[in-house]
Each structure stands twice: as C-alpha cells, then as structure tokens.
Amino acid sequence: MKVTEKPTGEFERTPMAFTDRITADGASGWPVEAGRYRLVISRACPWAHRVVLVRRLTGLDEAISLAVTDPVQEQVAGDAHWVFTARTGSPGGLDPVLGVHTLREAYLARDPGYDGGVSVPGLVDVPSGHLVSNDHDQLTLDLGSEWAALHREGAPELYPPALRDEIDALNAEIYRDVANGVYRAGFSPSQQTYERTVAALFARLDALEDRLTRQRFLLGGSITDADVRLFPTLVRFDAVYHGHFKCNVRKLVEYPALWAYARDLFQTPGFGDTVHLDHVRQHYYAVHRAINPTGVVAVGPDPAGWLTAHHREELGGRPFGDGTPPGPPPAIDRVPEIVPGGARPCG
Ligand SMILES: N[C@@H](CCC(=O)N[C@@H](CS)C(=O)NCC(=O)O)C(=O)O
C-alpha cells in the first residue's frame with residue numbers, strides 16, 4: 001500500500017497493483033490448488049489479518065501455507081521492506097518455502113519493472129515465485145467461496161447469498177469510517193481533517209454499539225464476513241489506534257456491547273488464536289516514525305482483559321450457523337498465548 005497524499009495532504013490508499021484472482025475453474029489463469037500458493041503476511045497488519053481469519057475459519061491451513069514477515073520492516077534505500085527473519089520462523093533470513101528474504105522479490109518476480117509499494121497480504125504462487133494478488137478485499141471473499149472445495153467439514157458460510165447486499169453495505173461503511181478511518185485519523189495532515197475523521201469514526205462506533213446491544217453479531221446470530229472484517233480493527237484499537245493514531249474519544253473497553261462482542265470473537269476458536277499483540281505494537285510504534293519519532297513501543301494495555309467473561313451467549317445465536325468451530329491451529333501457525341497481567345516489553 002503505497003500511501004499517497006491527496007492535494008489536501010490527506011492520507012490516501014493507492015489501488016492494489018496485483019489483483020489476479022484464483023478461481024475454482026482456473027479461468028483466471030490461476031486455479032485453486034492445494035499446496036500451490038503461500039500467503040505472506042505480517043501479524044501486525046489488519047488487512048492481512050482479514051485474509052488469515054478466513055483461511056483459519058474455513059480450514060484452508062493445509063491448502064494454503066502461511067509465511068510471517070518480521071513486524072519491523074527493513075529500511076532499504078529509504079524504502080520499507082517486509083522481510084523474513086529468524087524470529088518469525090525463517091532461519092538465515094530466508095522464507096523456507098519461497099527462498100526469498102524480502103516480499104518485494106515476489107513482486108519483482110511477477111513484474112521486474114515494478115516500482116510501486118510492497119504490501120502484505122501477498123498471495124504467492126510457489127512454483128514460479130510470482131506474486132498473484134495483494135488485494136485483501138478479493139482474497140477475503142475468494143478464500144471463502146472459490147476455495148470451497150478445499151474447505152474443512154463444518155466450515156461456516158461467511159458470505160451467504162441472502163445477506164450479501166447487507167454485508168457489502170455494512171462493510172463499505174466500516175471500511176470508510178473504521179478500518180481505514182483510523183489510518184486517516186492517524187496520518188491526518190491537519191487538525192481539521194483529523195477532527196472530521198475522528199468524528200466519523202466514533203459516530204460509526206456508536207452506531208455499531210447500538211446494533212450490537214440488540215444482537216450477538218453484526219448481521220444477527222451468526223458470524224459473517226462483516227465480523228471478520230471488523231475484528232482486526234477492534235483488537236488493535238486500545239493497543240494502537242487509541243494512542244498512536246489519536247483515536248481517543250473513547251477506548252474500546254468503554255463500549256459495553258462492542259467490547260463484549262470483541263471478547264466473544266476473541267474467545268472463539270479461529271479469532272484470538274490468530275492475534276499477535278506484540279507484533280502489532282512493534283510494527284505501528286517502531287515503523288511509523290513520522291508520528292512516533294522516538295520509535296519507542298508502548299507496552300500496554302494488559303491483554304488479560306480479552307479473556308474475561310462476555311455473556312454474549314445470552315443474546316442467543318449460533319456463531320458458526322450450521323457449521324462448527326475450527327480445531328486448534330497447526331503448530332507452525334501458532335501465536336503466543338495471552339499471559340494475564342503480561343503487558344510484556346518487546347522481546
Ligand atoms: N494492498 C492492500 C493494502 C494492505 C496494506 O495497507 N498493508 C500494509 C500493512 S498493514 C502494508 O503492507 N503497507 C506497506 C508498507 O507499510 O510499506 C490491500 O489489500 O488493501
């Protein structure tokens with residue numbers, strides 16, 4: 001995501017550079033195939049997290065392998081590079097499957113002349129080493145539909161046809177005001193832009209608070225794509241967006257229904273077991289020097305709150321609809337468990 005600035009100096013995302021689709025019939029040129037593709041992520045990135053959640057909930061852990069980059073990008077010639085390091089499971093700084101040190105190499109393998117930004121998530125074709133897509137939006141939907149033949153038994157229907165229009169409408173509002181809103185607030189060039197963006201953010205959070213006071217999940221009694229897209233922003237809110245991005249009208253913990261809803265998801269197999277709060281804090285605080293010149297990484301808040309009782313079952317509902325929760329993640333994909341009382345300094 002090469003961040004550009006509007007003439008007003010406002011933060012703006014440039015369109016995704018690689019948006020090829022992997023489809024069940026292979027008509028796109030990239031067929032669905034178990035073991036052929038590798039999903040490159042940072043555990044810090046909320047956009048990559050959305051794709052990780054669908055992969056995990058639908059049981060595509062074996063079919064699509066996961067490569068985790070270091071939360072602190074390597075500065076090369078003034079450019080931030082997502083790199084593989086020993087501390088994220090790449091001995092010698094090389095991804096054990098792709099054999100590369102930087103994600104950029106997969107972009108360049110696909111297009112040697114490419115000079116745009118290099119973002120995660122990136123889905124890479126292992127045989128050729130070529131990046132196929134860095135479009136989190138389409139990847140989230142396609143893993144949930146095009147890859148259905150490889151889904152686990154009991155995989156939830158996250159994007160049911162009957163709800164698609166409502167899900168799309170809600171996703172658009174949440175993307176604009178919340179998921180991307182926190183970035184627009186955090187990188188606001190002016191007081192005016194910041195205050196306008198933050199007002200829209202909290203107006204949207206207030207509306208979601210009201211909605212979730214009446215029902216367990218965003219579209220009713222079961223988890224959908226809309227919940228999958230909101231969770232990554234909520235789980236980063238008090239650890240990063242409240243302080244680092246100045247989204248501080250309220251903390252998530254000050255929203256009774258939203259906080260309980262977020263804990264309900266966190267404690268649901270497939271959600272909390274994909275969250276790496278250390279990587280989240282390290283990335284935002286150590287990399288965004290424009291808004292955190294010292295690079296000092298905040299250690300709080302105490303993550304133990306995520307494990308407290310949420311009582312959302314009192315609203316009824318069946319989180320996975322006719323489906324079932326996923327089993328534990330494969331050992332290679334595991335994240336550190338939350339240590340109550342453990343707002344730990346970065347290791
Ligand atoms: N292409 C992406 C954008 C995702 C994105 O913005 N990823 C961030 C990390 S959270 C990134 O890699 N930024 C590139 C950079 O920081 O250099 C999308 O699907 O929307």
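Thresholds applied
- Residues numbered from 1 in each chain as written.
- Predicted model: local features only at pLDDT ≥ 70, side-chain atom pairs only at ≥ 80, totals over all residues.
- Heavy atoms only, no water.
- Domains from an automatic or database assignment.
- Contact = heavy atoms within 4.5 Å.
- Buried area = accessible area lost by both parts, 1.4 Å probe.
- Salt bridge = Lys/Arg side-chain N within 4 Å of Asp/Glu carboxyl O.
- Helix = DSSP H or I, 4+ residues; strand = E, 2+ residues; numbered from the N terminus.
- Buried < 20%, exposed > 50% of the residue type's maximum accessible area, 1.4 Å probe, protein only.
- Polar contact = N/O pair within 3.5 Å; in protein donor to acceptor, adjacent residues only side chain to side chain.

**Some points on the domain arrangement of the protein**
- Domain parsing of the protein yields domain 1 (3–150) and domain 2 (161–300).
- Relative placement of domain 1 and domain 2: their C-alpha centres are 22 Å apart.
- Each side of the interface is counted separately: domain 1 has 26 residues, and domain 2 has 32 residues.
- Its largest share of buried area at the contact with domain 2, domain 1 owes to F11, R43 and R50, together 23% of the area lost on that side.
- Linking domain 1 to domain 2 there are 2 salt bridges.
- Across the pair R56 and D273 runs a salt bridge, and its minimum N-O distance is 3.0 Å.
- Contributions of two or more residues to the side of domain 1 that touches domain 2 are made by β2 (11–13), α1 (46–57) and α3 (136–145).
- Examining the composition of the side of domain 1 that touches domain 2, we find that 9 residues originate from one element, α1, more than from any other.

**Things to note about helix α9 (residues 277–287)**
- Taken across its 11 residues, α9 has 11 buried, putting it largely inside the fold.
- Buried residues of α9: L277, D278, H279, V280, R281, Q282, H283, Y284, Y285, A286 and V287, and no others.

**Some words on the side chain of T233**
- Mapped onto the elements of the fold, T233 is located in helix α7 (residues 225–241).
- Owing to a relative accessible area of 2%, T233 belongs among the buried residues under this scheme.
- A distance of 2.8 Å separates the side chain of T233 from the side chain of R50, its partner in a polar contact.
- Excluding residues that lie within four positions of it along the chain, T233 makes contacts with R50, V178, A179, V182 and Y241.

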